[in-house]
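Structure assessment
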Amino acid sequence: MRISLVALLVLQTLSSTSAINLKVGIYNEIPDLGKDHLASYQKLIQDGFAAYSQGNTVDAVVDKDLYSPYADLAPYLTADNFDLIEIDTATLGGLVRDGLVLELSADLPTNPSTTFTAALDGVRVGNNLYGYPTLLCGNFLIGLTPPGSADTCSLSKIDSYTTFVKKLEDCEKKILKGQCDYKRIFGGKMNDADGWYLPFLYLDGYIDVHGPTSVNVAVTELMNGKVDENVCTRLSWYISRCDNQFTSDEGNKCYENFPGSYVNKSSNVFNDIKDKKTAFFFGFSEKSTLVPADVAVAYSALSGPLGPNNYLLQFTDALVINKARWNVADNVRKRAVKDFINYFVGLQLRNSIATGQDLTPPRYRYLLQARTDFYTQADMVADLIYSDIFWSLKTAVAAPSLNDTQRETMQGVLSSKCTNRELQEEEAEVNSRVEL
């Protein structure tokens, strides 16, 4: 009995000395539904890992002053800083080029077998994988209506431009020119000063017209000053649905940068939904959670097709390993890192994050998960928004990783050659065209 007690004390001592506290930068550009600076989100991740890893802990950094996924990431990826960070994979190419993140190898955890193909493409540079997809994103039209109103016009699972045009024509007759007092059909943020939205909107339309393998062709063409007139015409028609036609302000309320535009203050759209001035919210799916429940409810989600097929241009957030930190880590820390990866991409945590189990009361975040098995669960199948988004994600195409110079160049080309045109004339032309 005496030997057993000594052995137990030794094991307890070894366990306490081998406990690791990891430091992980968490992607924090998400709606703060708890209005607590993501403290509940942080606690959800930290408490879950402590239980999962049985001794190891994590400092899940959500404070934007301590970790910003859109800052220069190099200072976070030194040997004495974060073990892992969750990034927007738009920046992954540069991190790989600079040797800052670890390539996935046989001794590291594999991505879940249910990970979306486009999500894996988002963490692929050349033929190699460099991360673990966690969250997905894309531009959707979210159908919104004031609670108790029957004035809906579902844009659910529309697979081609021809059908899309016809459906919107029917919607406009119903909710713009009919018994309802909506002032425009779309509302939301479609562009910003950094040129993120316009290039990616164009690429989203380009793959609808030219197919899912054409996205890099489109980038090359734009960098050489060339635009596809058919895509531009359809994109201009699409954007024109957001015209602010009923005020003295000139321009497009959701697109042009003028006083009162959603470009400057996207929260304007929420009052317009409540006041029934706009019927659909344009933006990332999680933006729909910012609309208060007493203002509007969501009932459909669609990536607007501009070609014979509907391919969503998908953005991916992913967990990556700090290469410098890993290279100086001992085996105990490396095991803790592997534990965290398995925990962080696991279905249990993904469910808790998506359904807002840390919130009081729980509330769906509509953060899109990178695993297909998340969407096949009964609650997700029954949810109108998650069901629509899953339909789009099944044929999604990974958004290319563009640097600032590329985005600025593409923004300039598109602003001068693609969308700077008389939208009403283009609308008449586009509606007369035969579907490709």
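Just so it is clear, the structure is predicted and the values come from calculations on it, not from any experiment. (Residues numbered from 1 in each chain as written. Predicted model: local features only at pLDDT ≥ 70, side-chain atom pairs only at ≥ 80, totals over all residues. Heavy atoms only, no water.)

Quick notes on the nonpolar core
Residues Leu155, Phe164, Tyr202, Leu203, Leu235, Tyr238 and Phe280 are the most contacted members of the largest nonpolar core, which totals 50 residues. With nine residues, the single largest contributor to this core is helix H6 (residues 197-210). Those residues in contact with Tyr238 that lie beyond four places of it in its chain are Leu141, Phe164, Phe186, Phe282, Gly304 and Leu306. Counting 33 residues, the second largest nonpolar core, distinct from the first, contains Leu84, Ile321, Ile341 and Phe344. (Core = buried A, V, L, I, M, F, W, Y, C linked by side-chain atoms within 4.5 Å. Buried < 20%, exposed > 50% of the residue type's maximum accessible area, 1.4 Å probe, protein only. Helix = DSSP H or I, 4+ residues; strand = E, 2+ residues; numbered from the N terminus. Contact = heavy atoms within 4.5 Å.)

A few points about the state of the cysteines
All chains considered together, the criterion is met by two disulfides. Between the sulfur of Cys153 and that of Cys171 lies a disulfide, 1.8 Å long from S to S. Because the torsion about its S-S bond is -85°, the bridge between Cys153 and Cys171 counts as left-handed. Here the residue Cys153 occupies a position in the loop between strand S7 (139-145) and helix H5 (161-175), and Cys171 occupies one in helix H5, the gap between them amounting to 18 residues. The same class applies to Cys153 and to Cys171, which are both buried. There is a disulfide in this structure between Cys232 and Cys418, and the S-S distance comes to 2.2 Å. Between Cys232 and Cys418 the sulfur-sulfur dihedral comes to about -120°; the bridge is accordingly left-handed. Separated by 186 residues along the polypeptide, Cys232 in helix H8 (residues 229-240) and Cys418 in the loop between helix H16 (404-417) and helix H17 (423-432) bring together distant segments of the chain. (Disulfide = S-S within 2.5 Å.)

A short note on the side chain of Arg350
Counting through the fold element by element, Arg350 comes out in helix H12 (residues 347-354). One buried charged residue, Arg350, remains without a salt bridge, the closest side chain of opposite sign being Glu86 at 5.0 Å. Only 3.0 Å separates the side chain of Arg350 from the side chain of Gln369, close enough to count as a polar contact. Non-local contacts of Arg350, meaning those with residues more than four positions away in its chain, are made with Thr134, Leu135, Phe344, Val345, Gln369, Arg371 and Phe374. (Lys, Arg positive; Asp, Glu negative; His and termini not counted. Salt bridge = Lys/Arg side-chain N within 4 Å of Asp/Glu carboxyl O. Polar contact = N/O pair within 3.5 Å; in protein donor to acceptor, adjacent residues only side chain to side chain.)

Concerning unusual backbone geometry
Here the bond from Thr360 into Pro361 is cis, since omega is -5°, no more than 30 degrees from zero. Although it is not a glycine, Gln54 sits at a positive phi angle of roughly 55°. For Gln54, the position within the fold is in the loop between helix H2 (39-53) and strand S2 (57-61). For Gln54, a relative accessible area of 71% puts it in the exposed group. Located in the positive-phi region is Lys157, a residue other than glycine, with phi close to 55°. Positionally, Lys157 belongs in the loop between S7 and H5. Classification of Lys157 by relative accessible area gives partly exposed; the value is 35%.

A look at the pattern of salt bridges
The full count for this structure, using the stated rule, is twelve salt bridges. In this structure, Lys64 and Glu29 form a salt bridge, with 3.5 Å as the shortest nitrogen-oxygen distance. Taken together, the residues Lys64 in the loop between S2 and strand S3 (84-88) and Glu29 in the loop between strand S1 (21-25) and H2 connect sequence positions 35 residues apart. You can call Lys64 partly exposed: its relative accessible area is 44%. Its relative accessible area of 34% is what places Glu29 among the partly exposed residues.

Comments concerning H2
The end-to-end C-alpha separation of H2 is 21 Å, in line with the 21 Å expected for 15 residues at 1.5 Å each. Taken together, the buried positions of H2 are Ser40, Tyr41, Leu44, Ile45, Phe49 and Ser53. On its buried side, H2 packs onto S1, S2, helix H11 (331-344) and H12. (Expected span 1.5 Å × (residues − 1).)

Observations concerning the packing of aromatic side chains
One pass over the full model with this rule turns up 24 aromatic pairs. Centre to centre, the rings of Phe49 and Phe340 are 5.2 Å apart; their planes meet at 75°, and the pair counts as edge-to-face. Residue Phe49 is located in helix H2, and its partner Phe340 is located in helix H11; the two are separated by 291 residues in the primary sequence. Taken as a pair, Phe49 and Phe340 share a single burial class, namely buried. Summarising the aromatic geometry, the rings of Phe49 and Tyr343 are spaced 5.6 Å apart at their centres and angled 50° between planes, so their arrangement reads as tilted. Taken together, the residues span a long stretch of sequence, with Phe49 in helix H2 and Tyr343 in helix H11 at a distance of 294 residues. Take Phe49 and Tyr343: they sit in the same class, and that class is buried. (Phe/Tyr/Trp six-rings, centres within 6.5 Å; stacked < 30°, edge-to-face > 60°.)

Notes on the environment of Ser156
Turning to its location among the elements, Ser156 is positioned in the loop between S7 and H5. A C-alpha to C-alpha distance of 9.3 Å links Ser156 and Ser387, two positions 231 residues apart in sequence.

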